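Next come the chains, spelled out residue by residue.
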Amino acid sequence: MIMQQQKTSMLEIRDLHANVEDREILKGVNLVVNAGEVHSIMGPNGSGKSTLAQVLAGRDTYQVTRGEIIYRGRNLLDMSPEERACEGVFLAFQYPVEIPGVSTQYFLRAALNAVRWHRDEEELDAIDFLKFLKQRMQIVEMDEGLLTRAVNEGFSGGEKKRNEVLQMAVLEPKLAIMDETDSGLDIDALRIVADGVNQLRSDERAFIVITHYQRLLDYIVPDFVHVLVDGRIVKSGDKTLAHELEERGYSWIEQQTVTEQPVAS
Amino acid sequence: MTVSSTIDDWTNQEYRHGFVTDIEADSAPPGLNEDIIRLISAKKGEPDWLLAWRLKAYRHWLTLEEPAWSNVDYPPIDYQKIVYYSAPKQAKQPGSLDEIDPKLLETYEKLGIPLAEQKRLTGVAVDAVFDSVSVATTFKDKLAELGIIFCPFSEAVQDHPDLVRKYLGSVVPYSDNYFVTLNSAVFTDGSFVYIPKGVQCPMDLSTYFRINAASTGQFERTLIIADEGAHVSYLEGCTAPMRDENQLHAAVVELVALDDAGIKYSTIQNWYPGDADGKGGIYNFVTKRGKCLGRNSHISWTQVETGSAITWKYPSCLLIGDNSVGEFYSVALTKGRQQADTGTKMIHIGRNTRSTIVSKGISAGYGQNTYRGLVKINKGAANARNYTQCDSMLLGDKCGAHTFPYIEVQNNTAKMEHEATTSKIGEDQLFYCNQRGIKTEDAVNMIVNGFCKEVFRELPMEFAVEAQKLLEVSLEGSVG
């Protein structure tokens, strides 16, 4: 990766601290993501990976106590969750939510039109939308039958995750955050999901791929790998760092950070 | 935006139909006695047999106690303070729409029910009931060409006494329950429908009930008869002004379906629900029952209940004819201090009778929502089938949902299915929608509409749109 190349800054997280119910989870996260880059965030369970994803999306169960997040030149923390979404922040949920009685197709159209309305673009009518949707569905090899079913209701784990990627493909975000999209997927589903993401990679779009395992990164090859431990990014590197982690385990990093910590702070 | 703040704002939403029409009324003095009943009967120029029937009901009512078994709570009603007859004063009985007081026409325009037929784009015939009288019925002549009778009840008494006498009280006897007995004594107007043999009514028929005068009770009666092979879709809408005192609405609806006949009865009930603290609002005590008298007959009730301080109604089906079918689809929404105790009774008497019950209760604010239903399979009802689905949705944590399903089976060939769920609109669902760019208010609408979908799709097209809009209005202002 050529680090020196001039790039547009997409996201800058500076000294981010966040609590849930008075317990500090994020303890000073710093991260810069430029357009066109794929960043992977790895870390042991409970290190704060999902919290970071939820804070970026604007979930109000997490309180930011310190630090700032600049997204495309604006203060992200000032924006409501729906405004963030309309401005191009997308979160692929670890546990996609079921909405009974609301068809997937209807939901997707409502979402797309909300985003288009925000951008002063004309809403798509049902027919144009369906055309667009069918073309996008090829990206995740999704069965058309799912469109008329209620959002995520009775979907298999793989279908839910594919549905997340489909939504990403429809909404065409600028910054896509994938929260453990690989969890609960068999190898075929993993490949389809990863292929979908790879098709969506572009110079204008950035990805933050959160995962516990290196496996996903064989398919979605990151430009950068960051290791989050106890609410801080303690090590950053290129994709080889993921392999090293896979071999040596998180305890290797944890031991390292204990010794490095005083120096860092 | 969190669920709790969304829900808190619910109670502050505006009631859109709360205006009062300033029109001179010809009203009876408040109070109930035999003289009042004679006065109502005389105003309507009724035959002696009907007055005798009213008086019989009244004398029976005096022996009854107001029922207390339902899951609703309200202070005692003073029946002597209610005005039992109130009619807008008009110089003479209008012969056509041109002769109707413009204020009345304006009222219905405001409510979105333009009575002038030429303005109507849609094929719906309307009977407009204002307090105690019907003020206009549209498309009457056109329907008459097919032999369809669609007119105010009091007119039917004059013009079709044999039909009225034959069927009045044949489904809901005057002694059925406290409120029915009261209604039988003092009922004023309502709609009468007769569809002759083999006729498919070409347009939806509807009645729009409006309570306007203060302290007035509305006691209407609707009677619909579908003769052999006849089919009709009937719609009913209701609104009232915002007033601080509670007003009583005690209606009776009787449906009769003969061999191979079908009646689809849809209601959008949006009586004034009272304010956020529970002051004012309509007490809605209604008895609705359909008799599937003929073989292969079909009666379907669909209701969207969003108004009234108290709702107490159980649209029911007596499945007498072999192979007859009864259906009940309901959405009941309670918010603020509203209370609803609603459901159905499906009484299987004939062979191969089938019934379907789909009930969706939505509670918000301090609303209390009760589903109460009875499915009864009589001894002779071989191969009866029932499917019941009862879902409750809670918005917020101060409201309540209650379910009382009663099942009595006396024939072991019966097949019964019962499903029930209770869910809460979750922060998770709202956040998921928000993360896709959808505003909280729109997300709540989407989730609630999704929850009600199985019922909405039973409504006639235009009514379904109105029902959705009504829920959306109820949800309006939910994002602060």
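In this text, all values refer to a predicted model and were calculated from it rather than measured experimentally. (Residues numbered from 1 in each chain as written. Chains lettered and ligands numbered in written order. Predicted model: local features only at pLDDT ≥ 70, side-chain atom pairs only at ≥ 80, totals over all residues. Heavy atoms only, no water.)

## As for the pattern of salt bridges
Once the charged atoms of two side chains with opposite charge are near each other, the side chains can pair. Residues and elements named next belong to chain B. Within the structure shown, the criterion is met by 28 salt bridges over all chains. As a salt-bridge pair, R295 and D322 come within 3.6 Å of each other at their nearest N and O atoms. Here R295 is found in the loop between strand 13 (281–292) and strand 14 (298–305), whereas its partner D322 is found in the loop between strand 16 (316–319) and strand 17 (325–334), with 27 residues between them in sequence. In this structure R295 comes out as partly exposed when scored by relative accessible area, which is 43%. (Salt bridge = Lys/Arg side-chain N within 4 Å of Asp/Glu carboxyl O. Helix = DSSP H or I, 4+ residues; strand = E, 2+ residues; numbered from the N terminus. Buried < 20%, exposed > 50% of the residue type's maximum accessible area, 1.4 Å probe, protein only.)

## So, the sheet that holds strand 6 (residues 89–92) of chain A
Residues and elements named next belong to chain A. Pairing within the open sheet is mixed, and its 6 strands lie in the order 6-9-10-3-11-12. The open sheet is flanked by strand 6 and strand 12 (232–237), the only strands paired with a single partner. Pairwise comparison of adjacent strand axes, ignoring direction, gives a mean angle of 20° for this sheet. The pairing of strand 6 with strand 9 (residues 175–179) spans 4 bridges and is classified as parallel. (Pairing = 2+ DSSP bridges. Axes fitted to C-alpha atoms, helices over the stretch in contact; angles between N-to-C directions.)

## Describing helix 1 (residues 49–57) of chain A
All names here are of chain A. Where burial is concerned, most of helix 1 is hidden: 8 out of the 9 residues are buried. When we look at burial in helix 1, the residues that qualify are K49, T51, L52, A53, Q54, V55, L56 and A57. G58, located one to two residues past helix 1, shows a positive phi value of around 100°.

## Some remarks on the nonpolar core
Ranked by internal contacts, the top residues of the largest apolar core, which has 117 residues, are A:L11 and A:I208. Of all the elements, helix 10 (residues 440–456) of chain B adds the most residues to this core, at 9 residues. Sequence-distant contacts of A:L11, defined by excluding residues within four places in its chain, comprise A:L31, A:V32, A:V33, A:L56, A:I69, A:I70, A:Y71, A:L175 and A:I208. By size, the runner-up hydrophobic cluster in this structure holds 37 residues, among which are B:A125, B:V199, B:I224 and B:A226. (Core = buried A, V, L, I, M, F, W, Y, C linked by side-chain atoms within 4.5 Å. Contact = heavy atoms within 4.5 Å.)

## Re the sheet that holds strand 5 (residues 74–75) of chain A
All names here are of chain A. Reading across the sheet, the 4 strands line up as 2-1-4-5 and stay open at both edges, with antiparallel pairing between neighbours. Because the sheet does not close on itself, it has two edges, and the strands there are strand 2 (23–34) and strand 5. As paired elements, strand 1 (residues 9–20) and strand 4 (residues 63–71) share 7 bridges and run antiparallel to each other. Bridge pairing in strand 4 links L11 to Y71.

## Topic: the pairing of strand 8 (residues 221–226) of chain B
Within a regular strand, the side chains alternate between the two sheet faces. Residue and element names in this part refer to chain B. Counting buried positions over the 6 residues of strand 8 gives 6, a clear majority of the element. Neither face of strand 8 is open: one carries R221, L223 and I225, the other T222, I224 and A226, and all of them are buried. Sheet topology places strand 6 (residues 191–195) next to strand 8; 4 bridges connect them, and they run parallel. From the neighbouring strand, I195 faces strand 8, where its bridge partner is A226. Pairing geometry for strand 8 and strand 11 (residues 252–257), over 6 bridges, is parallel. Counterpart to L223 in the pairing with strand 11 is E254.

## Structural notes on the side chain of B:R372
Residues and elements named next belong to chain B. Following the sequence through the fold, R372 ends up in strand 20 (residues 368–377). When its relative accessible area of 11% is taken as the criterion, R372 is described as buried. Apart from residues lying up to four places away in sequence, R372 is in contact with W69, S70, N71, Y314, D341, T342, G343, T344, F404 and Y406.

## As for the side chain of B:H249
Residue and element names in this part refer to chain B. Structurally, H249 can be placed in strand 10 (residues 246–249). Among the polar contacts made by the side chain of H249, one reaches the side chain of E220 at a distance of 2.8 Å. One polar contact links H249 to N284, side chain to side chain, over a distance of 2.6 Å. (Polar contact = N/O pair within 3.5 Å; in protein donor to acceptor, adjacent residues only side chain to side chain.)

## Description of the interface of chain B and chain A
Each side of the interface is counted separately: chain B has 19 residues, and chain A has 34 residues. Summed over both sides, the interface of chain B with chain A buries roughly 2100 Å², with 64% coming from carbon and sulfur. Counting every contact that joins chain B to chain A gives 2 salt bridges. Across the pair A:E164 and B:R436 runs a salt bridge, and its minimum N-O distance is 2.6 Å. (Buried area = accessible area lost by both parts, 1.4 Å probe.)

## Comments concerning the state of the cysteines
Residue and element names in this part refer to chain B. What the rule picks out here adds up to 0 disulfides over all chains. For the unlinked cysteine C201, the closest cysteine sulfur is that of C151, found at 13 Å. On the accessibility criterion, C201 (11% relative accessible area) is buried. (Disulfide = S-S within 2.5 Å.)

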